[in-house]
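# Fold and geometry: a report
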Amino acid sequence: MATLNDIAAKLGISKSTVSKALNNATDVSDEMRKRILETAVELGYTNKRFQRKEKKLCILIENMECNTPNQFGHDIVLGFKQMAEPEGWQVDVVPVTIDFQKLTPYGVFMMQQDYQASFILGFSLLDPWMQEFRVSRVPTVLYDNYIKENPNIASVGCDSQEGFELAVKHLMKLGHKKIGLISGPLDSYILKARYNAYINALYKFGLEVNEDYIGLGYYVAESTRKYIPKLLDGGVTAILFSHDVRAISAITECCDRDIRVPEDISIVGFDDLPMTAYTVPPLTTIRQDRLALGKCGFYALSCLLNQVAIGSILLRATLIVRDSTGPAPTAPLGPTRP
């Protein structure tokens, strides 16, 4: 374990300066404090406050709302706290941005705030800290992300492969043979996983894999407006979506174009957001048990804190069948109006 002397020797400064910086003394410049903190993280220094077992955890959250029960992250945070707080942990929910990540290294942030471990929600592969997680020594659990070969990092999520296989099997029973996918761009681990799950599910059940049946777009409304008519014109009779929000946007787009759901096209989402039971028609979707995801996040973090290196925990997926899926149409819809 690195010591104050090790940090001081590497930087060519006094041990007392290192100690002052780590204890937020005012007579150390911001630039020097930054260098000392970054060096401490690099060398694997453990603050004595950590050794006294002050029990502080954080949930770092980006691109995900969690403040009210109808938001996706709410139940994940709740499940985590339900496990952590009875064991005496203080849990802080901390919003972060890409700009903040660029300015403050992950390990430095954790040391400055006295956090012993963290649960990460809503990060994409483009986030600066994703690169730091590859070598970080801080116990960290990622939701819907995965880092290889670092025993300090674990991940939790829902089994996308199982979910898409359940959805494709359901659609096949309804007579669908041409099944499409509309997703966001593949700049996140989970979108790549769901894209691959879609391809693998089609192969498993002997269905056609065709690039023309796939639409990838960043903006939700824009991509549904573009790809719904394209896929329908190509003979697709059912579409899987990477997230419920995209599926709900597709239902709206179909309504605007006088395309009937599910008579002309069946639609399947992923997540089972609270609103999906109240869309018109109610959305068939793959459920993630968000409360259980939060509980698993704390369980995984507990393992890491006790030097039990785990890779990933995947919850079972559940298909929730509602009214947005129905028998495949006996005749193609024909060209859709612009």
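The text that follows walks through the structure, step by step, so that each part is easy to find. Because the structure is a prediction, the values reported are computed rather than measured.

## Some words on the overall build of the protein chain
Helix and strand content of the protein chain: 13 helices and twelve strands. Taken along the three principal axes of its C-alpha coordinates, the protein chain extends 80 × 40 × 35 Å. A buried classification covers 52% of the 338 residues belonging to the protein chain. Contacts spanning at least 24 positions in sequence make up 70% of the contacts within the protein chain whose residues lie at least 6 apart.

## What about the pairing of strand E8 (residues 238-241)?
Residues in a regular strand project their side chains so that they alternate between the two faces of the sheet. By the alternation rule, side chains of E8 split into Ala238 and Leu240 and Ile239 and Phe241, which are all buried. Sheet topology places strand E6 (residues 179-183) next to E8; four bridges connect them, and they run parallel. The residue bridging Gly180 from the neighbouring strand is Ile239, located in E8.

## A few points about the packing of helix H5 (residues 72-84) against helix H13 (residues 290-305)
Axis separation between H5 and H13 bottoms out at 6 Å; the angle between their running directions is 45°. Between H5 and H13, the angle is such that the two are oblique. For the pair H5 and H13, the crossing hand works out as right-handed. Contacts between H5 and H13 involve Phe72, Asp75, Ile76, Leu78, Gly79, Phe80, Gln82, Met83 and Ala84 on the former and, on the latter, Arg290, Leu291, Leu293, Gly294, Lys295, Gly297, Phe298 and Leu301. Taken together, the residues of the contact of H5 with H13 sort by class into ten nonpolar, four polar and three charged.

## Here's the deal with helix H10 (residues 189-204)
With 16 residues, H10 should reach 22 Å at 1.5 Å per residue; the first-to-last C-alpha distance of 22 Å fits that figure. Of all the positions in H10, only Ile190, Leu191, Arg194, Ala197, Tyr198, Ile199, Ala201 and Leu202 are classed as buried. Of the residues one or two after H10, Gly206 is the one with positive phi, at around 70°.

## Side note on the environment of Lys10
Mapped onto the secondary structure, Lys10 falls in helix H1 (residues 4-11). Between the alpha carbons of Lys10 and Leu43 there is a distance of 9.5 Å; along the sequence they are 33 residues apart.

## Things to note about the sheet that holds strand E4 (residues 140-143)
With parallel pairing, six strands are arranged side by side in an open sheet as E2-E1-E3-E4-E5-E11. Every interior strand has two partners, whereas the edge strands, strand E2 (90-95) and strand E11 (312-315), have only one. Neighbour-to-neighbour, the strand axes of the sheet open up by a mean angle of 20°, direction not taken into account. In this structure, strand E1 (residues 56-61) lies alongside strand E3 (residues 117-121), joined through five bridges in parallel fashion. For Ile61, the partnering residue across the bridge sits in E3 and is Leu121. Along the sheet face, H13 touches E1, E3, E4, strand E5 (153-158) and E11 and points at about 160° away from the line of E5.

## Brief notes about unusual backbone geometry
Along the chain, Val261 connects to Pro262 via a cis peptide bond; the corresponding omega equals 10°. Topologically, Pro262 is positioned in the loop between helix H12 (244-256) and strand E9 (266-271). In the segment running from Val280 into Pro281, the intervening peptide bond is cis, with an omega of 0°. Its place among the elements puts Pro281 in the loop between E9 and strand E10 (284-287). For Asp144, which is not glycine, the phi dihedral falls at a positive 55°. Examined against the element boundaries, Asp144 turns out to sit in the loop between E4 and E5.

## Considering the nonpolar core
One finds Phe164, Ile179, Tyr198, Ile228, Leu240 and Ile267 to be the most contacted residues of the largest nonpolar core, which totals 40 residues. Elements that contribute at least two residues to this core include exactly helix H9 (160-173), E6, H10, helix H11 (220-233), E8, H12 and E9. Discounting chain neighbours no more than four positions away, the residues touching Ile179 are Val168, Leu171, Tyr198, Leu202, Leu207, Tyr213, Val236, Ala238 and Leu240. Counting 28 residues, the second largest nonpolar core, distinct from the first, contains Ala117, Leu273, Leu301 and Ile313.

Reading the values: the criteria
- Residues numbered from 1 in each chain as written.
- Predicted model: local features only at pLDDT ≥ 70, side-chain atom pairs only at ≥ 80, totals over all residues.
- Heavy atoms only, no water.
- Helix = DSSP H or I, 4+ residues; strand = E, 2+ residues; numbered from the N terminus.
- Buried < 20%, exposed > 50% of the residue type's maximum accessible area, 1.4 Å probe, protein only.
- Contact = heavy atoms within 4.5 Å.
- Pairing = 2+ DSSP bridges.
- Axes fitted to C-alpha atoms, helices over the stretch in contact; angles between N-to-C directions.
- Parallel < 35°, antiparallel > 145°, perpendicular 65-115°, else oblique.
- Left-handed = near helix turned anticlockwise from the far one by under 90°.
- Nonpolar A, V, L, I, M, F, W, Y, C, P; charged D, E, K, R; others polar.
- Expected span 1.5 Å × (residues − 1).
- Core = buried A, V, L, I, M, F, W, Y, C linked by side-chain atoms within 4.5 Å.

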